[in-house]
Amino acid sequence: MAAYLGRAADGLLTRLQTSAPTIRTLSSSNSLSPNIPSSLWKLGRLNHVAIAVPDLEKAQSLYKDVLGAQVSETVALPEHGVYTVFVELGNTKLELLHPLGEKSPIASFLQKNKTGGMHHICIEVDDIKAAMKELKEKKIRILSEEPKIGAHGKPVIFLHPKDCHGVLVELEQA
């Protein structure tokens, strides 16, 4: 009996050793591919998701009065052609955008999307100038020649959505 149990245990151990999943870890200090050099800049956290809204007061009320979120005051950003309101979510923010002026990019967005919708995502970077240089070298179109000061008072750039799988991406200096 003991010999039978010993053989069964050996067989089970062999099956476990060969069928156990392989766990691979990625080191954050190494590039994912040996052919890709590491960047001089790094992506950081998701700063916010921007939503274009046709009625800013209704949108503020939804997030504040219905959902109970902390909602900022409205801030006009004439250089960007928008009014902004930030909704605090704990791990990130929503940015509500409403047109300021007839030439606002949000006005043209709302003409195509009457009820509003997601406009862009914003990701922080640790070196916006290095990011711009490298992205240009990689043929990613940047929608301005130089960074502009964004709603948080920090330099921002926007990447063309056709180069980012249909998503308008804002990069903000962390």
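Each value, and the rule that gives it
- Residues numbered from 1 in each chain as written.
- Predicted model: local features only at pLDDT ≥ 70, side-chain atom pairs only at ≥ 80, totals over all residues.
- Heavy atoms only, no water.
- Buried < 20%, exposed > 50% of the residue type's maximum accessible area, 1.4 Å probe, protein only.
- Helix = DSSP H or I, 4+ residues; strand = E, 2+ residues; numbered from the N terminus.
- Arc of directions from axis to C-beta.
- Contact = heavy atoms within 4.5 Å.
- Polar contact = N/O pair within 3.5 Å; in protein donor to acceptor, adjacent residues only side chain to side chain.
- Salt bridge = Lys/Arg side-chain N within 4 Å of Asp/Glu carboxyl O.
- Patch = residues over 30% accessible without salt bridge, like charges linked within 9 Å, V, L, I, M, F, W, Y side chains within 5 Å.
- Areas by Shrake-Rupley, 256 points an atom, 1.4 Å probe, with all protein chains shown as cover.
- Pairing = 2+ DSSP bridges.
- pLDDT = per-residue confidence, 0-100.

**Side note on helix H2 (residues 56-66)**
Right, on to step 1. Listing the buried residues of H2 in full gives Leu56, Ala59, Gln60 and Tyr63. Projected down its long axis, H2 carries its buried residues within an arc of 100°, all on one side. In H2, the exposed positions angled more than 90 degrees off the buried face are occupied by Glu57, Lys58, Asp65 and Val66.
Right, on to step 2. Packing partners of the buried residues in H2 comprise strand E1 (43-52), strand E2 (70-71), strand E4 (82-88) and strand E5 (93-99).
Right, on to step 3. Between the side-chain oxygen at the start of H2 and the backbone nitrogen of Glu57 there is a gap of 3.2 Å, and the oxygen is on Asp55.
Right, on to step 4. At the exit of H2 stands Gly68, carrying a positive phi of roughly 75°.

**Let's talk about helix H3 (residues 105-112)**
Right, on to step 1. Considered for burial, the residues of H3 that qualify are Ile106, Ala107, Phe109 and Leu110. Axial view of H3: buried residues confined to an arc of 160°, hence all on one face. H3 presents Gln111 and Lys112 as exposed residues on the side facing more than 90 degrees away from its buried surface.
Right, on to step 2. Where H3 is buried, its residues meet E1, E4, E5 and strand E6 (117-125).

**What to know about the pattern of salt bridges**
Right, on to step 1. Tallied over the entire structure, the rule returns five salt bridges.
Right, on to step 2. Put simply, Glu146 and Lys129 hold a salt bridge, and the shortest N to O gap is 2.5 Å. Placement of Glu146 in the loop between helix H4 (128-137) and strand E7 (148-149) and of Lys129 in helix H4 is noted, with a sequence separation of 17 residues between them.
Right, on to step 3. Between Glu137 and Lys133 there is a salt bridge, with the nearest N and O atoms lying 2.9 Å from each other.

**Considering a nonpolar patch on the surface**
Right, on to step 1. A cluster of nonpolar side chains, namely Leu62, Val66 and Leu67, defines an oily patch on the protein surface of about 290 Å² accessible area.
Right, on to step 2. Within the secondary structure layout, Leu67 lies in the loop between H2 and E2.

**Overview of the pairing of strand E8 (residues 155-159)**
Right, on to step 1. One ladder, built from two bridges, connects E7 with E8; its direction is antiparallel. By the bridge assignment for E8, Lys148 is matched with Val156.
Right, on to step 2. Remark: five residues form the turn of the hairpin made by E7 and E8, two consecutive strands paired antiparallel; Gly153 in that turn has positive phi of roughly 75°.
Right, on to step 3. Sheet topology places E8 next to strand E9 (residues 169-173); four bridges connect them, and they run antiparallel. Residue Phe158 lies in a different strand from E9, and its bridge partner there is Glu170.

**Some points on the side chain of Gln60**
Right, on to step 1. Along the chain, Gln60 falls in helix H2.
Right, on to step 2. There is a polar contact of 3.4 Å between the side chain of Gln60 and the side chain of Thr74.
Right, on to step 3. Beyond its immediate chain neighbours, meaning those up to four positions away, Gln60 contacts Asp65, Val71, Ser72, Thr74, Val85 and Leu96.

**Some thoughts on the confidence of the model for the protein chain**
Right, on to step 1. A residue-level look at the protein chain finds 78% of positions with pLDDT of 70 or above and a mean pLDDT of 85.
Right, on to step 2. Segment residues 1-9: pLDDT under 50, and zero contacts once partners within four positions in sequence are set aside and those in other chains are kept.
Right, on to step 3. Of the regions scoring below 50 in pLDDT, residues 12-31 engages in two contacts with residues more than four places distant in sequence or in other chains.

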